[in-house]
Amino acid sequence: VQLQASGGGLVQAGGSLRLSCAASGSISRSLAMGWYRQAPGKQRELVASIISGDTTYYVDSVKGRFTISRDNAKNTLDLQMNSLKPEDTAVYYCNVYGTSWRLALASWGQGTLVTVSS
């Protein structure tokens, strides 16, 4: 399956963006879908994830600001990002994983660039 992220852009600090991810095929509900990001000079990190039953995970730095949602029927994944900060600047990717977020199952696409200006 291929995943395509979109919705990035340039926004001022305090602003909002909504990222979307479309899968080319069906994603098993037993797999988690996640949003990752990689800032320049830093390792890729898992920002948020969701699995069947709407169980969600957020990295501490985005809790209360980001909301992840998943549409199993449409095989899409969204990330609503509010109160954006300059440190949120990164390329954002979507992927799926099973037992560990470090073991992403799909190939990494181009991602979508989010730039937050101060």
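A short tour of the structure in this document, coming up. (Residues numbered from 1 in each chain as written. Predicted model: local features only at pLDDT ≥ 70, side-chain atom pairs only at ≥ 80, totals over all residues. Heavy atoms only, no water.)

## A closer look at the pattern of salt bridges
Our working definition: Here a salt bridge means any side-chain nitrogen of Lys or Arg lying within 4 Å of a carboxyl oxygen belonging to Asp or Glu. Strands here are runs of E lasting at least two residues and helices are runs of H or I lasting at least four, both read from the DSSP assignment and numbered beginning at the N terminus. Relative accessibility under 20% of the residue-type maximum defines a buried residue, over 50% an exposed one, and the middle range a partly exposed one, all with a 1.4 Å probe and only protein chains included.
All told, the structure shown has five salt bridges when counted by the stated rule. One salt bridge in this structure joins Asp88 and Arg65, with 2.8 Å as the shortest N-O distance. Taken as a pair, Asp88 in the loop between β8 (76-81) and β9 (90-97) and Arg65 in the loop between β6 (55-58) and β7 (66-71) lie far apart in primary sequence, 23 residues in all. Arg65 shares its class with Asp88; the two are buried.

## Thoughts on unusual backbone geometry
Unlike most non-glycine residues, Asn75 shows phi in positive territory, near 55°. Residue placement: Asn75 occurs in the loop between β7 and β8. Phi at Ser83 takes a positive value of approximately 50°, unusual for a residue other than glycine. Relative to the elements of secondary structure, Ser83 occurs in the loop between β8 and β9. Overall, Ser83 belongs to the partly exposed group, its relative accessible area being 39%.

## Some details on the sheet that holds β7
Test applied: Two strands are counted as paired when DSSP detects at least two bridges linking them. Orientation is described by axes fitted as lines to C-alpha atoms, over the contacting stretch for helices, and by angles from 0 to 180 degrees between their N-to-C directions.
The four strands lie next to each other as β1-β3-β8-β7, forming an open sheet whose pairing is antiparallel. For this open sheet the edge positions go to β1 (3-6) and β7, each flanked by a neighbour on one side alone. Averaged over all pairs of adjacent strands, the angle between strand axes in this sheet comes to 15°, irrespective of strand direction. Of the strand pairs in this sheet, β7 and β8 are connected by six bridges, and their pairing is antiparallel. Looking across to β8, one finds that Arg70 is bridged to Leu77.

## Here we look at the environment of Leu17
The residue Leu17 is located in strand β3 (residues 17-23) in this model. Considered as a pair, Leu17 and Arg65 are 48 residues apart in the sequence and their alpha carbons are 11 Å apart.

## A word on the pairing of β7
The alternating pattern of β7 places Phe66, Ile68 and Arg70 on a buried face and Thr67, Ser69 and Asp71 on a face that is not buried. Turn length for the β7-β8 hairpin, with the two strands adjacent in sequence and antiparallel, is four residues, and the turn residue Asn75 shows positive phi of about 55°.

## A look at the sheet that holds strand β2 (residues 9-12)
One open sheet accounts for six strands, arranged β2-β10-β9-β4-β5-β6; its pairing is mixed. The strands lining the two open edges of the sheet, one partner per strand, are β2 and β6. On average, each strand axis in the sheet is tilted by 25° relative to the strand beside it, whichever way the strands run.

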